[in-house]
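Observations on the model geometry
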Amino acid sequence: MNRFFALATFVFALNASAEDWPQFMFNSAHSGNAAERDIDADKLRLQGGLSMTDGIYTSPVVAGGKVCVVDGSGHVACFDAATLKEVWHFQSKGGKQNVNNVSSPAIVGQHLHFGTTAGIYYVLDLATGSVVKEIDCGEPIFSTPVIGKDRVYFATLGAKVYAITNKGEVQWQWDFVKKVVGFDGNRWSGEEWAKFCEKRMLATLKPGTKPTSSDGRVTWKDHFVCSRDICLIKGNTVVIPAGGRTLFIEDTGAAPKLKATGEIPEWSGKEFPATFGQSADDDGNVYVQWHRRDNAGRVDIMRLEGDTLKTGEFVSGTDTNIRMDGLLSFAPVAVRGKDVYRVRPESGRGLMRHRLDSKEDKGEVLTMGGYIAPPVILKNHVVVGDLNGSLHIEPIAEHLTRASSIGASAAPISAPVAVADGRIYVPSEDGRVYVYGPGNADYLRGDRDDIAKIRSPLSGKLAATAYDWYTNYGNFAGQNSNNQGIAPPLRMRWARRLEGTVKHLPVCGGGRLYTHTAEGQIIACEQDTGRLLWRKWWPDVYLSFTSPLYIDGKLLVPQAGMTKSFVRCLDATTGRMLWEAPFTGSPSWSRQFPPVVAGKIAIYASGTGDYAPQGSEKPWTFGGPPVKADDGRDVMSFIYSNDNPYYPTNHHPRVWAWDLDTGKVVWEKDFSDQGRGGNDCGICILDGKLYYSVFFGYDADQRARRGQPVGNNGLTVCIDPKSGKILWQTNEYYVTAKCTLSARDGKLYLGGYNKANAGTEDRFVWCLDANTGKLVWKSDAVTSALNVVSVGEKFIFSNALRGKGNIFDRNTGKVAYSILTNYACCRFTLSEPYVLGANMDMIDLSQEGKLVSTGPAIDSRECLGAVVSNGRIFYTSQASGFVVSQTYGPESKELPPAWEVRASATK
């Protein structure tokens with residue numbers, strides 16, 4: 001491949017005094033405020049493309065007539081700004097594992113600074129690209145460096161802060177994990193965190209009290225990662241987002257001084273949240289875009305006044321949660337005076353301006369589209385790239401009225417642009433920086449197909465397809481279990497950012513890991529290294545807590561929204577859409593399952609109904625007051641309560657079947673003659689038969705008063721997946737919301753969150769004969785059985801909300817023993833004999849629930865566990881925008897993380 005583009009015939013004329021754009025978002029505050037920069041938007045034309053070796057997730061920088069770029073694989077190139085010809089290039093260490101680099105470079109005088117995911121911080125000579133200084137930090141660097149007076153500051157993923165000279169000489173180092181958390185071991189070792197937590201537990205355990213499995217594990221208080229960008233205020237105070245807290249560290253010259261620790265006030269929870277974006281304004285006000293749980297977050301303002309930190313203020317109109325209409329942001333804001341510019345991946349609310357001088361301001365929409373790249377503010381325009389590869393130039397000056405949108409890239413733009421000398425440098429995930437300027441150029445873009453190709457294939461005895469965790473519940477039977485020889489100790493393999501939220505598990509296939517964010521992104525990366533392969537985004541997806549499915553080189557993803565919902569079939573290698581088929585229904589909490597496939601038939605279940613941010617009756621809302629439709633129709637909240645005693649009149653339970661190759665409907669079923677509902681349902685396949693179970697609610701009296709079908713609280717059916725013919729059905733046993741059904745060895749397992757009938761508070765797991773639908777056993781009473789009943793070769797396990805996890809006797813349904821997991825709502829998986837919980841917790845069922853490993857604490861919430869696929873462990877944080885992979889057993893010795901082994905660039 002020709003890695004660097006052939007220059008167009010056009011040659012730029014540099015101004016006598018060239019403008020610089022030395023760092024991420026222009027300045028050390030990362031305000032994005034470049035008030036003196038101007039462009040002629042009407043005359044912008046594509047001048048060329050600076051081609052790199054991998055996707056670009058960092059901002060380019062410009063200084064002294066040179067343009068410098070760092071790509072995802074840690075490859076650095078310097079180009080002449082006048083001719084766009086390459087001056088030099090440099091490959092940082094780390095080999096194939098040095099990927100997903102998001103630390104944008106900074107130009108400091110005659111030096112270029114940047115960090116890598118392989119854990120090395122570099123200072124290069126700007127003129128030649130030669131190494132001036134190499135600092136081995138021993139852990140990844142995600143944050144971009146910031147430029148101070150005679151010093152540069154950077155932070156590692158593990159929240160170590162460095163102050164160095166322009167030439168890279170370390171002046172001091174400060175360690176958040178040691179100084180604040182009080183942990184002195186290997187912060188990436190679950191084994192060492194387990195020892196630390198056990199010691200802490202024993203020190204606080206009351207005499208005579210027996211520890212439980214919920215004791216001795218890491219919690220949100222141990223969360224420490226610094227995965228987003230730092231900034232600098234007041235000339236010498238570094239602001240660090242670390243583990244949900246915001247640290248203000250003053251550089252006193254010889255040593256650092258922790259001035260203040262900022263904490264987000266209690267709102268939609270009290271745990272330390274995750275920072276998704278941090279920036280400051282010219283006055284030193286720090287703006288923190290945070291997320292706590294389930295779409296809950298906003299932009300808070302922190303102000304350091306002497307040694308006192310002022311908190312509690314937030315930017316009006318930026319607050320979101322599960323009860324409100326609107327999605328989160330995943331980028332720092334840009335600030336000029338009293339105007340705050342904020343982006344989010346939400347159709348119709350992509351780029352917004354908020355006014356600080358108005359407490360009632362809800363925000364003004366400037367452009368549509370979806371964004372995760374921060375905006376920058378020029379003299380007369382705001383400039384930002386979107387997830388579909390377009391560059392948006394929005395006028396903000398009163399004398400300008402026309403906005404511009406340029407099809408800049410064939411791939412998403414996820415980093416901010418740089419602007420110098422009337423030109424805009426646009427980084428793209430397709431591996432190029434596109435340069436736009438006045439005049440015409442004869443540049444042929446051309447497509448690239450090398451970014452999406454796997455460069456580091458899976459290896460080992462479990463790399464085969466048979467060991468894929470290819471669907472949210474492990475397999476089409478929904479067993480949520482496997483056995484791949486997992487055993488402690490665990491070892492980190494890789495870590496990467498995630499610019500979205502999730503409520504489901506990742507899935508694997510073809511050597512790739514797939515994630516669907518609640519905001520509509522579908523992301524594929526290498527299982528071995530985590531390297532981003534491709535990213536797609538669809539508008540109108542709204543809090544769609546649904547999982548992908550990998551099957552025979554295809555990816556099926558249900559993407560739901562309030563205005564439209566589709567099951568989309570993609571080419572799993574490239575992300576190209578093959579077909580889409582409409583469905584209706586909210587994705588809500590329980591329906592994390594993707595379609596199931598029988599032969600060449602793809603099948604999915606949902607409910608037909610009308611939706612709005614809040615429903616027209618209290619039981620159809622999650623927390624807000626009912627909102628009556630203007631025409632009197634029943635309307636259901638898009639994110640509705642887990643406890644649904646009845647449903648709207650027009651809410652029908654539906655099952656669709658499509659041809660896997662074409663997306664054409666093969667058959668469909670409407671079970672509204674049996675009852676109303678559909679969202680709280682589950683599907684699975686066992687021995688060539690399809691099983692569907694749905695909950696209609698337990699409140700028959702309410703249904704009678706509303707004129708709805710009264711007789712049935714739920715339904716379970718067995719269907720021939722090819723024809724849609726019903727083989728048997730029962731109204732006696734069914735899932736009771738917030739749970740799918742699972743199957744193994746000729747038996748079905750049905751759990752749920754609600755009681756099955758009014759008049760009792762007991763919940764049960766039912767085991768049915770899969771051939772007849774007859775009851776085999778009813779379990780002992782349980783608090784609840786969430787998500788799925790995990791059915792392994794040896795163990796049957798179900799979790800209860802904020803309570804016990806139960807292990808059942810597979811012959812009788814008796815509770816053999818319980819473990820006090822006490823997680824909020826964790827989506828566990830079973831990789832026998834271990835149950836895997838949040839923050840990589842491992843609970844050994846063969847030792848009656850002993851906690852054998854915990855941490856590191858990378859998540860501030862407890863909603864998701866990990867999956868084991870192909871001999872690797874994959875964990876996606878629900879709240880913290882973070883994905884990690886771990887290895888285990890003898891193979892882990894040969895699979896260390898990049899920051900523990902120093903490979904040469906040619907290895």
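To be clear, the structure that these remarks concern was listed above.
1. Section: the overall build of the protein chain
When helices and strands are counted, the protein chain shows three helices and 67 strands. Relative to a compact globule of 907 residues, whose C-alpha radius of gyration would be 29 Å, the protein chain shows 27 Å and is just as compact. Across the 907 residues in the protein chain, those meeting the buried criterion constitute 67%. Of the roughly 29500 Å² that the protein chain leaves accessible, carbon and sulfur atoms contribute 47%. Of the charged side chains in the protein chain, 100 are positive and 97 negative, and the gap between their average positions amounts to 3 Å.

2. Some words on the side chain of R228
Within the secondary structure, R228 sits in the loop between helix 2 (190-204) and strand 14 (231-233). Salt bridges are absent for the buried R228, whose nearest opposite-charge side chain, E499, sits at 5.5 Å. Within the local environment of R228, its side chain forms a polar contact with the backbone oxygen of G881, the two atoms lying 3.0 Å apart.

3. Describing the sheet that holds strand 6 (residues 106-108)
With respect to topology, four strands assemble into an open sheet ordered 6-7-8-9, the strand pairing being antiparallel. Of all strands in the sheet, those with a lone pairing partner are strand 6 and strand 9 (131-136), marking the two edges. Taking each pair of neighbouring strands and ignoring which way they run, the sheet shows an average axis angle of 20°. As paired strands, strand 8 (residues 120-125) and strand 9 are joined by five bridges and run antiparallel to one another. Bridge pairing links Y121 to I135 in strand 9.

4. Overview of empty space enclosed by the protein
Considering all chains together, one arrives at seven cavities of 30 Å³ or more under this definition. The computed volume of the largest cavity comes to approximately 300 Å³. Lining of the largest cavity is provided by 24 residues; of these, Y57, V102, S414, R497 and E499 occupy positions nearest its centre. Of the residues in the lining of the largest cavity, the class split is 12 nonpolar, six polar and six charged.

5. Quick look at helix 2
The end-to-end C-alpha separation of helix 2 is 21 Å, in line with the 21 Å expected for 15 residues at 1.5 Å each. The secondary structure elements touched by the buried residues of helix 2 are helix 1 (176-181) and strand 64 (850-853).

6. Digging into the environment of V655
By secondary structure assignment, the location of V655 is in strand 47 (residues 652-659). Accessibility expressed as a relative area gives 0% for V655, which makes it buried.

7. Quick word on the pattern of salt bridges
Overall, the coordinates contain 44 salt bridges when judged by the stated rule. Between E761 and R763 there is a salt bridge, and its shortest N-O distance comes to 3.5 Å. Here K814 and D780 are joined by a salt bridge, their closest N and O atoms 3.6 Å apart. Residue K814 is found in the loop between strand 59 (804-808) and strand 60 (815-820), and its partner D780 is found in the loop between strand 56 (775-778) and strand 57 (786-791); the two are separated by 34 residues along the sequence. Classification of K814 as partly exposed rests on a relative accessible area of 49%.

8. Considerations on the packing of aromatic side chains
Evaluated as defined, the whole model comprises 35 aromatic pairs. Pairing F583 with Y604 gives two aromatic rings, centres 5.1 Å apart and planes at 80°, and the pair type is edge-to-face. Placement of the pair is F583 in the loop between strand 42 (577-582) and strand 43 (596-598) and Y604 in strand 44 (residues 601-608), with a sequence separation of 21 residues. Judged by its relative accessible area of 0%, Y604 falls in the buried class. By the ring-pair criterion, three or more aromatic residues cluster together here, those being F183, W188, W193, F196, F224 and W899.

9. As for the sheet that holds strand 38 (residues 532-537)
With antiparallel pairing, four strands are arranged side by side in an open sheet as 35-36-37-38. Among the strands making up the open sheet, the edge pair consists of strand 35 (507-509) and strand 38. In this sheet, adjacent strand axes meet at a mean angle of 20° when their direction is disregarded. Bridge count between strand 36 (residues 512-516) and strand 37 (residues 521-526): five bridges; the pairing is antiparallel. By the bridge assignment, H516 is partnered in strand 37 with I522.

10. Observations concerning the nonpolar core
By size, the foremost hydrophobic cluster in this structure holds 87 residues, and its most contacted members are W534, L555, L556, Y691 and Y692. Residues within four places of W534 in sequence aside, it is in contact with A452, Y514, I522, I523, A524, L555, L570, D571, A572, T573, T574 and G575. Core analysis: the next-biggest nonpolar cluster, separate from the first, contains 77 residues, F795, Y817, Y823 and L845 among them.

11. So, the environment of G714
Take G714: it is sitting in strand 51 (residues 714-719). The spatial distance from the C-alpha of G714 to the C-alpha of K270 is 37 Å, given a sequence separation of 444 residues. Excluding its chain neighbours within four sequence positions, the residues that come into contact with G714 are V694, F695, F696, T730, N731 and Y734.

Rules behind the numbers
- Residues numbered from 1 in each chain as written.
- Predicted model: local features only at pLDDT ≥ 70, side-chain atom pairs only at ≥ 80, totals over all residues.
- Heavy atoms only, no water.
- Helix = DSSP H or I, 4+ residues; strand = E, 2+ residues; numbered from the N terminus.
- Rg over C-alpha atoms; globule rule 2.2 N^0.38 Å.
- Buried < 20%, exposed > 50% of the residue type's maximum accessible area, 1.4 Å probe, protein only.
- Areas by Shrake-Rupley, 256 points an atom, 1.4 Å probe, with all protein chains shown as cover.
- Lys, Arg positive; Asp, Glu negative; His and termini not counted.
- Charge placed at Lys NZ, Arg CZ, Asp CG, Glu CD.
- Salt bridge = Lys/Arg side-chain N within 4 Å of Asp/Glu carboxyl O.
- Polar contact = N/O pair within 3.5 Å; in protein donor to acceptor, adjacent residues only side chain to side chain.
- Pairing = 2+ DSSP bridges.
- Axes fitted to C-alpha atoms, helices over the stretch in contact; angles between N-to-C directions.
- 1 Å grid on protein atoms, 1.4 Å probe; cavity = no way out; pocket = protein on both sides within 12 Å on 5 of 7 lines; lining within 4 Å.
- Points joined across faces, edges and corners; volume = space filled by probe spheres on them.
- Nonpolar A, V, L, I, M, F, W, Y, C, P; charged D, E, K, R; others polar.
- Expected span 1.5 Å × (residues − 1).
- Contact = heavy atoms within 4.5 Å.
- Phe/Tyr/Trp six-rings, centres within 6.5 Å; stacked < 30°, edge-to-face > 60°.
- Core = buried A, V, L, I, M, F, W, Y, C linked by side-chain atoms within 4.5 Å.

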